[in-house]
Amino acid sequence: AQSVAQPEDQVNVAEGNPLTVKCTYSVSGNPYLFWYVQYPNRGLQFLLKYITGDNLVKGSYGFEAEFNKSQTSFHLKKPSALVSDSALYFCAVRASNAGNNRKLIWGLGTSLAVNP
Amino acid sequence: DGGITQSPKYLFRKEGQNVTLSCEQNLNHDAMYWYRQDPGQGLRLIYYSQIVNDFQKGDIAEGYSVSREKKESFPLTVTSAQKNPTAFYLCASTGGEGGHPSTDTQYFGPGTRLTVL
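Now for a look at the structure at hand.

Parameters and conventions
- Residues numbered from 1 in each chain as written.
- Chains lettered and ligands numbered in written order.
- Predicted model: local features only at pLDDT ≥ 70, side-chain atom pairs only at ≥ 80, totals over all residues.
- Heavy atoms only, no water.
- Pairing = 2+ DSSP bridges.
- Helix = DSSP H or I, 4+ residues; strand = E, 2+ residues; numbered from the N terminus.
- Axes fitted to C-alpha atoms, helices over the stretch in contact; angles between N-to-C directions.
- Contact = heavy atoms within 4.5 Å.
- Buried area = accessible area lost by both parts, 1.4 Å probe.
- Salt bridge = Lys/Arg side-chain N within 4 Å of Asp/Glu carboxyl O.
- Nonpolar A, V, L, I, M, F, W, Y, C, P; charged D, E, K, R; others polar.
- Core = buried A, V, L, I, M, F, W, Y, C linked by side-chain atoms within 4.5 Å.
- Buried < 20%, exposed > 50% of the residue type's maximum accessible area, 1.4 Å probe, protein only.
- Phe/Tyr/Trp six-rings, centres within 6.5 Å; stacked < 30°, edge-to-face > 60°.
- Lys NZ or Arg CZ within 6 Å of the ring centre and 35° of its normal.

Some details on the sheet that holds strand β8 (residues 76–78) of chain B
All names here are of chain B.
Part 1 of the argument: Here 4 strands make up an open sheet; going across it, the order is β1-β3-β8-β7 and the pairing antiparallel. The sheet terminates laterally at β1 (4–7) and β7 (64–66), the two strands that pair on one side only. Ignoring which end each strand starts from, the neighbouring axes of this sheet average 20° apart.

Right, dumping it as structure tokens:
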């Protein structure tokens, strides 16, 4: 069965420190991987995606993610956290052999708190 | 501006009433989706539509209905059969990025918060 796991419900980090939000996945075929951010009472905003090519993907607001095929992971990172990065982060995956089906499999989300 | 709009932002419903949530997009996207979000449960897919006049049930379709008569519109009706409708509802759409459809990004509207009184 296809699935996405975000093993940490909450991550706390001090402002200025590097942050990592973890994501692991299980799909048949090659994965297409996505990260989104959600601020309170708002819709989800797209941050970045991995389709193919360079394993390090750069996205919006200084975020990046590293695709690791052997560990089936796609962790979200940022070198220096800001208080304004505090939000809910979602990882999602779609299998490359899904054809024209664009449904995404979603993780349960990780709440990031950046402390001043 | 291109984007996805949802209305209303807040909606209150009495028990036994049907209510309809609006979702409109001017991105010329083929596919549209409705999700329900509850605290700690992530996003759960209610219905999706890959093309006009066609839609499929998602994981939690019971108590909900949709229509897709126009490409830009995908309204969701929460019926009285939905036992616990209080939640945050998100609409999304994908398409038109030029590559294979499975690589397309989903873009989201701002959401509608439904509360049953």
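From this point, things continue past the structure.
Digging into the interface of chain A and chain B
Part 1 of the argument: Taken residue by residue, the interface counts 25 residues in chain A and 30 residues in chain B.
Part 2 of the argument: Summed over both partners, the interface of chain A with chain B comes to about 2,100 Å²; 50% of that surface belongs to carbon and sulfur atoms.
Part 3 of the argument: Area buried by chain A at its contact with chain B is led by N41, R102 and K103 of chain A, which between them contribute 32% of it.
Part 4 of the argument: Here chain A and chain B share 0 salt bridges between them.
Part 5 of the argument: Where the side of chain A that touches chain B is concerned, the elements lending two or more residues are β5 (31–38), β6 (44–50) and β10 (87–95) of chain A.
Part 6 of the argument: Of the residues belonging to the side of chain A that touches chain B, the class tally is 12 nonpolar, 8 polar and 5 charged.

Quick notes on the nonpolar core
Part 1 of the argument: The biggest cluster of nonpolar side chains holds 28 residues, and the ones touching the most others in it are W35, L47, L48, F74, L76 and Y89 of chain A.
Part 2 of the argument: Elements supplying a minimum of two residues to this core: β2 (10–14), β3 (19–21), β5, β6, β8 (64–68), β9 (73–78), β10 and β12 (110–115) of chain A.
Part 3 of the argument: Setting aside anything within four residues of it in sequence, one finds L76 of chain A in contact with L19, T20, V21, W35, L47, L48, F63, E64, A65 and Y89 of chain A.
Part 4 of the argument: Residues W34, Y47, F74 and V78 of chain B belong to the second largest nonpolar core, which totals 19 residues.

Quick notes on unusual backbone geometry
Part 1 of the argument: Omega for the bond connecting S7 of chain B with P8 of chain B falls within 30 degrees of zero, at -10°, which places this linkage in the cis form.
Part 2 of the argument: Residues other than glycine seldom take positive phi values, yet N41 of chain A does so here, at roughly 60°.
Part 3 of the argument: Within the secondary structure, N41 of chain A is located in the loop between β5 and β6.
Part 4 of the argument: Take N41 of chain A: its relative accessible area is 38%, and that puts it in the partly exposed class.
Part 5 of the argument: Its identity as a non-glycine residue notwithstanding, T72 of chain A has a phi of 45°, on the positive side.
Part 6 of the argument: With respect to the secondary-structure elements, T72 of chain A resides in the loop between β8 and β9.
Part 7 of the argument: Relative accessible area serves as the criterion here: at 30%, T72 of chain A is assigned to the partly exposed category.

Focus on the packing of aromatic side chains
All names here are of chain A.
Part 1 of the argument: Within the structure shown, the criterion is met by 16 aromatic pairs over all chains.
Part 2 of the argument: Note on Y50 and F67: the rings are 4.2 Å apart at their centroids and 20° apart in plane angle, and the pair reads as stacked. Taken as a pair, Y50 in strand β6 and F67 in strand β8 lie far apart in primary sequence, 17 residues in all.
Part 3 of the argument: Taking relative accessible area as the criterion, F67 reaches 7% and is therefore assigned buried.
Part 4 of the argument: Pairing F63 with Y89 gives two aromatic rings, centres 5.6 Å apart and planes at 50°, and the pair type is tilted. Taken as a pair, F63 in the loop between β7 (56–58) and β8 and Y89 in strand β10 lie far apart in primary sequence, 26 residues in all.
Part 5 of the argument: A relative accessible area of 0% means that Y89 is categorised as buried.
Part 6 of the argument: The cationic tip of K78 hangs over the ring face of F63; the distance from NZ or CZ to the ring centre is 5.0 Å.

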